[in-house]
Amino acid sequence: MKKVLSIAGSDCSGGAGIQADLKTFSAHRVYGMSVITSVVAENTVRVLTYQDISPQIIKDQMDAVFEDIFPDAVKIGMLSSQETMLAVTESLKKWQPQNIVLDPVMYAKNGNALMEPTAIDTLIQTVLPLANLITPNIPEAEKIAQCTISSIADMEQVGRTIYENSGTAVLIKGGHKSGEATDVLFDGKKVYHFTAERIETKNTHGTGCTLSSAIASELALGKSLEQAVCEAKKYVTLAIQHSLAIGQGHGPTNHFYSLYQNTVEEE
């Protein structure tokens, strides 16, 4: 069985963060593990507060995983502070895993900040170059590249800019645009577009976490980067299409919809 590690914050309401990652791993039939970087008190409406885990405990968690069950892929999510980022990068350099997917979580779905503004430069300079793929949404890509995105062509150019500065492939998610939901991948050589019909629902809590975890799962299973993104896009689109009207705000996606359907059909 393939093994995938999530390095991220937790979401006590279960729709995003570590909880969403582990559900996504299970849906892809890979063995999921976690290193918790921050405990977040949030629900579908708001983020109440969060508390970062100490850098030493983060490094100890990573040592515990890597020395015993070495992952085939790694997904990185919420890294809220410079200290957290440095702890993670130190461990990644020590263990040298493959297939690292970085979701640069800067804001929660409701707009609450989940990364200290002073830590963004550290993310760009120390974490981003270690990743094989970064998956920012449009506001995050704009922040990283210090550019404005208003079109698909802008997404392509910003992807190239981020790649030139970091050597990391870039998937810019188009969920913040209007019209069809088009994500743009630049792998250093070629631009790819992944388009799906926009689904009219407010229940999109944790979609970024879910997509990046799905990509990491597909990479662990041996897919190429293009194939992994394509399959992950299909997975998250289906999960949004059958999202769950749970909570009073942005409800979660349905991570196990396809799995449940297959089970029903088999029965």
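Throughout what follows, the structure given in this document is the object of discussion. (Residues numbered from 1 in each chain as written. Predicted model: local features only at pLDDT ≥ 70, side-chain atom pairs only at ≥ 80, totals over all residues. Heavy atoms only, no water.)

1. A look at the overall build of the protein
Moving on, step 1. When helices and strands are tallied, the protein shows nine helices and nine strands.
Moving on, step 2. In terms of overall size, the protein behaves like a compact globule, its C-alpha atoms giving a radius of gyration of 17 Å where 267 residues would be expected to give roughly 18 Å.
Moving on, step 3. The proportion of buried residues among the 267 residues of the protein is 51%.
Moving on, step 4. Taking the intrachain contacts of the protein between residues at least 6 apart in sequence as the baseline, contacts between residues at least 24 apart amount to 69%.
Moving on, step 5. Put simply, the protein shows about 11900 Å² of open surface, and 48% of that area lies on carbon and sulfur atoms.
Moving on, step 6. The positive charge centre, built from 21 side chains, and the negative charge centre, built from 30, are 2 Å apart in the protein. (Helix = DSSP H or I, 4+ residues; strand = E, 2+ residues; numbered from the N terminus. Rg over C-alpha atoms; globule rule 2.2 N^0.38 Å. Buried < 20%, exposed > 50% of the residue type's maximum accessible area, 1.4 Å probe, protein only. Contact = heavy atoms within 4.5 Å. Areas by Shrake-Rupley, 256 points an atom, 1.4 Å probe, with all protein chains shown as cover. Lys, Arg positive; Asp, Glu negative; His and termini not counted. Charge placed at Lys NZ, Arg CZ, Asp CG, Glu CD.)

2. Observations regarding the environment of alanine 196
Moving on, step 1. Position of alanine 196 among the secondary structure elements: in strand β9 (residues 191-196).
Moving on, step 2. A relative accessible area of 14% means that alanine 196 is categorised as buried.
Moving on, step 3. In this structure, the C-alpha to C-alpha distance between alanine 196 and glutamate 180, residues 16 residues apart in sequence, is 6.1 Å.
Moving on, step 4. Contacts of alanine 196, omitting those with residues within four sequence positions, involve Glu180, Ala181, Lys233 and Thr237.

3. What about the sheet that holds strand β3 (residues 47-52)?
Moving on, step 1. Judged by pairing direction, the sheet is mixed, and its nine strands sit side by side in the order β3-β2-β1-β4-β5-β6-β7-β8-β9 without closing on themselves. Looking at the sheet topology across the chains shown, the edges are occupied by β3 and β9.
Moving on, step 2. Inspection of the sheet shows strand β4 (residues 73-76) paired to strand β5 (residues 100-102) by three bridges, in the parallel sense. When the bridges of β5 are listed, lysine 75 appears paired with valine 101.
Moving on, step 3. Against the sheet, helix α2 (residues 55-66) touches β1 (3-11), β2 (31-42) and β4, its axis set at about 165° to β2. (Pairing = 2+ DSSP bridges. Axes fitted to C-alpha atoms, helices over the stretch in contact; angles between N-to-C directions.)

4. Observations concerning the nonpolar core
Moving on, step 1. Membership of the largest hydrophobic core comes to 37 residues, with the highest contact counts inside it found for Leu5, Ile7, Ile76, Leu102, Ile162 and Ile172.
Moving on, step 2. Those residues in contact with isoleucine 172 that sit more than four places away from it in its chain are Pro136, Ile138, Ala141, Ile149, Met155, Val158, Gly159, Thr182, Asp183 and Val184.
Moving on, step 3. Counting residues in each nonpolar core, the second largest holds 25 residues, with Phe25, Ala73, Ala228 and Phe256 among its members. (Core = buried A, V, L, I, M, F, W, Y, C linked by side-chain atoms within 4.5 Å.)

5. A short note on the layout of surface pockets
Moving on, step 1. Volume-wise, the second largest pocket comes out at about 190 Å³.
Moving on, step 2. Forming the walls of the second largest pocket are 14 residues, and the residues nearest its centre are Ala27, His28, Tyr235, Ser258 and Leu259.
Moving on, step 3. Put simply, the parts of the chain that give the lining of the second largest pocket at least two residues each are α8 (225-241) and α9 (257-266).
Moving on, step 4. The residue inventory of the lining of the second largest pocket, partitioned by class, reads six nonpolar, four polar and four charged. (1 Å grid on protein atoms, 1.4 Å probe; cavity = no way out; pocket = protein on both sides within 12 Å on 5 of 7 lines; lining within 4 Å. Points joined across faces, edges and corners; volume = space filled by probe spheres on them. Nonpolar A, V, L, I, M, F, W, Y, C, P; charged D, E, K, R; others polar.)

6. What about helix α1 (residues 17-27)?
Moving on, step 1. When α1 is considered as a whole, its buried residues turn out to be Gly17, Ile18, Ala20, Asp21, Thr24, Phe25 and Ala27.
Moving on, step 2. A positive phi of about 60° marks arginine 29, the residue just after α1.

7. Quick word on the environment of glycine 77
Moving on, step 1. If you trace the backbone, glycine 77 turns up in the loop between β4 and α3 (82-95).
Moving on, step 2. Each C-alpha atom, one on glycine 77 and one on serine 213, is 9.2 Å from the other, the two residues being 136 residues apart in sequence.
Moving on, step 3. Setting aside its immediate chain neighbours within four residues, glycine 77 contacts Ile7, Ala8, Asp103 and Val105.

8. Let's talk about the packing of helix α7 (residues 207-220) against α8
Moving on, step 1. The interhelical angle for the contact between α7 and α8, taken along N-to-C directions, is 140°, at an axis separation of 8 Å. Judged by the angle between their axes, α7 and α8 are oblique. Taken as a pair, α7 and α8 cross one another with a handedness that is right-handed. In this structure, α7 uses Thr207, Thr210, Leu211, Ala214, Ile215, Glu218 and Leu219 to contact α8, whose residues at the interface are Leu225, Ala228, Val229, Glu231, Ala232, Lys233, Tyr235, Val236 and Ile240.
Moving on, step 2. When grouped by side-chain class, the residues that make up the contact of α7 with α8 number eleven nonpolar, two polar and three charged. (Parallel < 35°, antiparallel > 145°, perpendicular 65-115°, else oblique. Left-handed = near helix turned anticlockwise from the far one by under 90°.)

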